[in-house]
There are 2 protein chains.
Amino acid sequence: MSIAGDLIRGHTDAIILARLMQADSYGYEINKIISTLSAGRFELKEATLYTAFKRLEEAGCIASYWGDSGAGARRRYYTITPAGREASHRLLGEWRETKQIMDKLLETEE
Amino acid sequence: MSIAGDLIRGHTDAIILARLMQADSYGYEINKIISTLSAGRFELKEATLYTAFKRLEEAGCIASYWGDSGAGARRRYYTITPAGREASHRLLGEWRETKQIMDKLLETEE
DNA sequence: TCGAGATACCTTGACAGCCGAGGTATCTTG
DNA sequence: CAAGATACCTCGGCTGTCAAGGTATCTCGA
């Protein structure tokens, strides 16, 4: 991975929820979307992803159901809950704030 | 802290090195500068900060020396090394990349 | 003079998230 | 029927954060 995992640590939930705001999805697909959108530079490891799913489901942010697979093994789909939408919105706000502050702290030449 | 620590996890080193690129400094001061520049929304805890100093010194990115204090207790000043400058530059690049990718992953409305 | 408060540094142990490694099951295709 | 893609899951180690607690120095006011 070109970008160290710790750089996205703490953003994992935000990324997953943002995906589920678009549409229901499942682990394997979310992983590929992230990889595609980031041109391969972000890559959530499976263990990380499933840990996050479990965490988010326990927190009531997402719910899951077994769905049909077009091809391949069975899929566990995740859908976002109202609490998840709220969390997603909050996390997006936090990201924007983080971005501003980090820029202030790192970009010293104006 | 309004911004969870995990959000800046992985950026701590970059923040510290960026500070030391400006001038030699010491723990207590760096902490206050970060707090000030972020309007109190980022706040590295002391334990975190000193852990980071130790890590960066062992990695050869910074060096330290005891300096005079104008008022108060003795201070351990840190200065950035050539390796630290390199690391700082690299981390800044990674931050810019992270920012772009995160925006792609989170900001869905164009 | 002496105690409070600011300055300043440091360590320990608990905790949480990331991930390497390994495992299971299903479906398609040759 | 074997190989490879799809798809899910767990365990254990590692690393960074932080609450809590500790030490020492200096200033200033009562």
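Above this text is the structure in question.
Residues numbered from 1 in each chain as written. Chains lettered and ligands numbered in written order. Predicted model: local features only at pLDDT ≥ 70, side-chain atom pairs only at ≥ 80, totals over all residues. Heavy atoms only, no water.

## As for the protein's contact with DNA strand D
By nearness alone, 26 residues border DNA strand D, and A:Tyr28, A:Arg75, A:Arg76, B:Arg9 and B:Thr12 come closest of all. At a separation of 2.5 Å, a phosphate oxygen of DNA strand D approaches a polar side-chain atom of B:Thr12. Contributions of two or more residues to the surface near DNA strand D are made by helix 3 (27-37), helix 4 (46-58) and strand 3 (75-80) of chain A together with helix 4 (46-58) of chain B. Broken down by element, the residue count for the surface near DNA strand D peaks at four residues, all from helix 4 of chain B. Looking at side-chain class alone, the surface near DNA strand D contains eleven nonpolar, seven polar and eight charged residues. (Near = heavy atom within 4 Å. Polar contact = N/O pair within 3.5 Å; in protein donor to acceptor, adjacent residues only side chain to side chain. Helix = DSSP H or I, 4+ residues; strand = E, 2+ residues; numbered from the N terminus. Nonpolar A, V, L, I, M, F, W, Y, C, P; charged D, E, K, R; others polar.)

## Comments concerning the environment of B:Ile8
Among the structural elements, B:Ile8 can be located in helix 1 (residues 5-8). When its relative accessible area of 3% is taken as the criterion, B:Ile8 is described as buried. For the pair formed by B:Ile8 and B:Arg19, sequence separation is eleven residues and the distance between their alpha carbons is 15 Å. Not counting residues up to four positions away in its chain, the partners in contact with B:Ile8 are A:Met102, B:Phe42 and B:Leu44. (Buried < 20%, exposed > 50% of the residue type's maximum accessible area, 1.4 Å probe, protein only. Contact = heavy atoms within 4.5 Å.)

## Digging into helix 4 of chain A
Residue and element names in this part refer to chain A. The first and last C-alpha atoms of helix 4 sit 18 Å apart over 13 residues, in line with the 18 Å expected at 1.5 Å per residue. Every buried residue of helix 4 is accounted for by Leu 49, Ala 52, Phe 53 and Leu 56. The buried residues of helix 4 occupy an angular sector of 105° when projected down its axis, which confines them to one face. With respect to the buried face of helix 4, the exposed residues turned more than 90 degrees away are Ala 47, Lys 54 and Glu 58. At its buried positions, helix 4 is contacted by helix 2 (12-22), helix 3, strand 2 (62-67) and strand 3. Backbone geometry just after helix 4 places Gly 60 at a positive phi near 80°. (Expected span 1.5 Å × (residues − 1). Arc of directions from axis to C-beta.)

## Thoughts on the environment of A:Arg74
Residue and element names in this part refer to chain A. Tracing the sequence through the fold places Arg 74 in the loop between strand 2 and strand 3. Residue Arg 74 is classed as exposed on the basis of its relative accessible area, which comes to 63%. Taking the C-alpha atoms as reference, Arg 74 lies 21 Å from Ile 34; in sequence the two are 40 residues apart.

## A short note on the sheet that holds strand 2 (residues 62-67) of chain B
Residue and element names in this part refer to chain B. One open sheet holds the three strands; their spatial order is 1-3-2, and the pairing between them is antiparallel. Every interior strand has two partners, whereas the edge strands, strand 1 (25-26) and strand 2, have only one. Of the strand pairs in this sheet, strand 2 and strand 3 (residues 75-80) are connected by six bridges, and their pairing is antiparallel. For Trp 66, the partnering residue across the bridge sits in strand 3 and is Arg 76. Helix 2 (residues 12-22) rests against strand 1, strand 2 and strand 3 of the sheet, and its axis sits at about 90° to strand 3. (Pairing = 2+ DSSP bridges. Axes fitted to C-alpha atoms, helices over the stretch in contact; angles between N-to-C directions.)

## A word on the nonpolar core
Proteins that are soluble and globular tend to have nonpolar side chains buried together. If you look at the biggest cluster of nonpolar residues, it comprises 54 residues, and the most contacted ones within it are A:Leu17, A:Ile62, A:Leu106, B:Leu17, B:Phe42, B:Ile62 and B:Leu106. Not counting chain neighbours up to four residues away, the residues in contact with B:Ile62 comprise B:Leu17, B:Leu20, B:Phe53, B:Leu56, B:Glu57, B:Tyr78, B:Thr79, B:Ile80 and B:Thr81. (Core = buried A, V, L, I, M, F, W, Y, C linked by side-chain atoms within 4.5 Å.)

## A few points about the interface of chain B and chain A
Contact residues are listed per partner, giving 34 residues for chain B and 34 residues for chain A. Regarding the contact of chain B and chain A, the summed buried area is about 3600 Å², with carbon and sulfur atoms giving 63% of it. Counting every contact that joins chain B to chain A gives eight salt bridges. For B:Arg9, the salt bridge is made with A:Asp6, and the minimal N-O distance between the two is 3.5 Å. Between chain B and chain A we count eight residue pairs in polar contact (both at pLDDT 80 or more) in total. (Buried area = accessible area lost by both parts, 1.4 Å probe. Salt bridge = Lys/Arg side-chain N within 4 Å of Asp/Glu carboxyl O.)

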